[in-house]
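Letter by letter, the chains look like this.
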Amino acid sequence: MVTINELQEGFRIALQSIWANRMRSALTTLGIVIGIVSVTLMGTALEGLSRAFDKSIAQIGADVLYVQKWPWGGGQDWWKYRNRRDLRIEHANAIERSAELVASLSPIIGTSQDIKYQGKYIEDVIVVGTTHTMIETNPANLAIGRFFSRSESEGGRPVCVIGSEIASSLFPNESPLEKVIKIGGYAYRVVGVFEKQGSLFGGESLDKRIYVPINRFFTQYQSRRGGITIMVKAKSLDLLDDTKEEVRGILRRARGLKPRDEDDFSINQQEMIIQIFNQIGGVIAIIGLFITGLSLFVGGIGIMNIMFVSVTERTKEIGIRKAIGAPRRAILLQFLIESSLICFLGGIIGIAIAFPLSLIVDQILPTAMPLTIVGIALSLSLLVGLLSGIIPAYRASKLDPVEALRYE
Amino acid sequence: MAELIRLTNIVKIYQVGDEQVHALDGITLQIRKNEYVAIMGPSGSGKSTMMNIIGCLDTPTSGLYELNGMNVSDMDDNELARVRNKEIGFVFQTFNLLPRSNVLHNVELPLIYAGMPAEERRERAKEAIARVGLTERMHHKPNELSGGQRQRVAIARALVTHPSILLADEPTGNLDSKTGEEIMALFDALHKEGNTIILVTHEEDIASHAHRIIKLRDGKIEGDFPSRKRPTPSPATVS
């Protein structure tokens, strides 16, 4: 058994030796430093991506189905999806009439318009046409005012609810409520303002949107009453799959599909995006691991090389220690501790370098260096040290004391 | 007095190229506790090999080596290390101290490998350092000491485990004659205190401190007789 004495002595010699050869040790551990910097930054960036994703995905809503012409993330059969029939308001009505598991349902359709209020312009604002149920289907809250009512929705009244960014741009010093703005040349009265929501997947801001009654949308921006997305909120998350089946059945009937026909629509949900994200994240992680592994491998070879030098330099010392009774394992331990310590120091230096860099990454992605990554990086550097020290240490422990003593 | 070392027909053969060199060629001898022995011989006589075997740094090709009743001749590396640690105190011609460690740590070292707790270890090391008269130099590094002082540190390191044998290989070889005499006086005193001492040397002056002289030539014992007497061909061993 390794004694505490031997461990202490091992650490003592290792520190002494690293300090005596500080320049050499520092250069040797550079490979490990680079490896650890890359592993921690990789982990930090992935964490950032994941956090940004989680924030965005929450806005989609886990219990909301998106019935659309196109499936999310399925790009192969572009022509097949292209030739599908549009989803129309009638389909939304059909679901609303007969579905039992649906809590609320909203058709939505979007366009891009310029808006104007008393000489102030905002270009390319997303204008969403929808119904009064939107406020139940979409998990966003109003800051002030109200969403448009059922009668305003069905009557296609010229009222709108605006995003917080539009509110602050157009109405910096006054309440937007009851003001009339021009959307693509048509006048609308503002009845409500959403709370700040942020952006979806780092893309366009959800706060730069305007919601108008869909019936008005079709008269003013698009006469073709199709091409909508139907948002369907399930009564509960547990019932999501059942709801999906129910919606599917209703739609197939409404669209006159025969039993053998394929669906000519897609029912999308949050989970699909999560799957896609996990796939992409997995690929990034594998590539990152490969690069990191490579640099740690190269670093490890450097450590092994310098440990061989160290063993040769200290042949005489090994001889002395053996002569006065150091067992093999004590010599083995001594060199293993030295190589691990060099690598561990490299790991600490690596983290010390990576931490400020992660703060820079934080400017781009909301992130923080995860503690688990710090732990993994340090254990990894220790492991590399142990592995690259084994062969030199074993060789040292096998030295013949007589020959080692004679070595000059 | 009790027998400490028994060598029976020890043979050590080295392979040098195609040739086999019989460094030791059938050595048989006994050494008792508290003997003061000098092993002498010209270079190539096998005295270094003999020292390595007695010191358990090396094992014989054939023959039996019993140390304190243990059969040492077929022990493995780790068992030999333990025997060296417990039973043998080495004093080398070139001192062989660890240059980066101070006197105290150098002397402590064998006790570290013996697994002794720190406090007890420190006490024992200080005792041994005091015995060789270097208490004031305890925290110096070897390169801050004179040759004689370094050899005293080496002797303290050899003494610290209270070994069965002090094994000194040309202990005055790197010292001037005055310092050499001081070191030999120290060995004489240590012998009087009950230690068993084996000197390996080629110098008559040094050997004359011992009470028994074993002369080697070509790997064989050429003579074995009490010191300060005329060499006699017949072995006058105390066996």
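Residues numbered from 1 in each chain as written. Chains lettered and ligands numbered in written order. Predicted model: local features only at pLDDT ≥ 70, side-chain atom pairs only at ≥ 80, totals over all residues. Heavy atoms only, no water.

A. Spotlight on the environment of D188 of chain B. Residue and element names in this part refer to chain B. Mapped onto the secondary structure, D188 falls in helix 6 (residues 177–192). Through-space distance from the C-alpha of D188 to that of H209 is 7.2 Å; in sequence the pair is 21 residues apart. When neighbours within four sequence positions are excluded, D188 is seen to be in contact with Y36 and H209. (Helix = DSSP H or I, 4+ residues; strand = E, 2+ residues; numbered from the N terminus. Contact = heavy atoms within 4.5 Å.)

B. The arrangement of the packing of aromatic side chains in detail. All names here are of chain A. Within the structure shown, the criterion is met by eleven aromatic pairs over all chains. Between the aromatic rings of Y117 and F171, the centroid separation amounts to 4.5 Å while the plane-to-plane angle is 50°, which identifies the pairing as tilted. With Y117 in strand 2 (residues 102–117) and F171 in the loop between helix 7 (164–170) and strand 6 (180–183), the pair connects residues that are 54 residues apart, well separated along the chain. Taking the relative accessible area as the measure of exposure, F171 reaches 4% and is therefore buried. Taking 6.1 Å as the distance between ring centres and 90° as the angle between the ring planes, the aromatic pair formed by F217 and F218 counts as edge-to-face. The residues F217 and F218 share a single accessibility class, namely buried. The structure contains a cluster of three or more aromatic residues connected by ring pairs, namely F147, F148, F194 and Y211. Over the ring of W19 we find R22, and its NZ or CZ is 4.3 Å from the ring centre. (Phe/Tyr/Trp six-rings, centres within 6.5 Å; stacked < 30°, edge-to-face > 60°. Buried < 20%, exposed > 50% of the residue type's maximum accessible area, 1.4 Å probe, protein only. Lys NZ or Arg CZ within 6 Å of the ring centre and 35° of its normal.)

C. Structural view of empty space enclosed by the protein. Overall, the coordinates contain three cavities of 30 Å³ or more when judged by the stated rule. In this structure, the largest cavity occupies an estimated 60 Å³ of space. Together, I324 of chain A together with R84, N85, I88, G89, F90, P110, R157, A158 and T161 of chain B line the largest cavity. Among the elements of the structure, helix 2 (77–87), strand 6 (88–91) and helix 5 (147–159) of chain B are those that each provide at least two residues to the lining of the largest cavity. Looking at the lining of the largest cavity, the element that brings in the most residues is strand 6 of chain B, giving three residues. Empty space within the second largest cavity amounts to approximately 60 Å³. The wall of the second largest cavity is formed by S17, I18, N21, R24, S25, I306, S310, E338 and I342 of chain A. When grouped by side-chain class, the residues that make up the lining of the second largest cavity number three nonpolar, four polar and two charged. (1 Å grid on protein atoms, 1.4 Å probe; cavity = no way out; pocket = protein on both sides within 12 Å on 5 of 7 lines; lining within 4 Å. Points joined across faces, edges and corners; volume = space filled by probe spheres on them. Nonpolar A, V, L, I, M, F, W, Y, C, P; charged D, E, K, R; others polar.)

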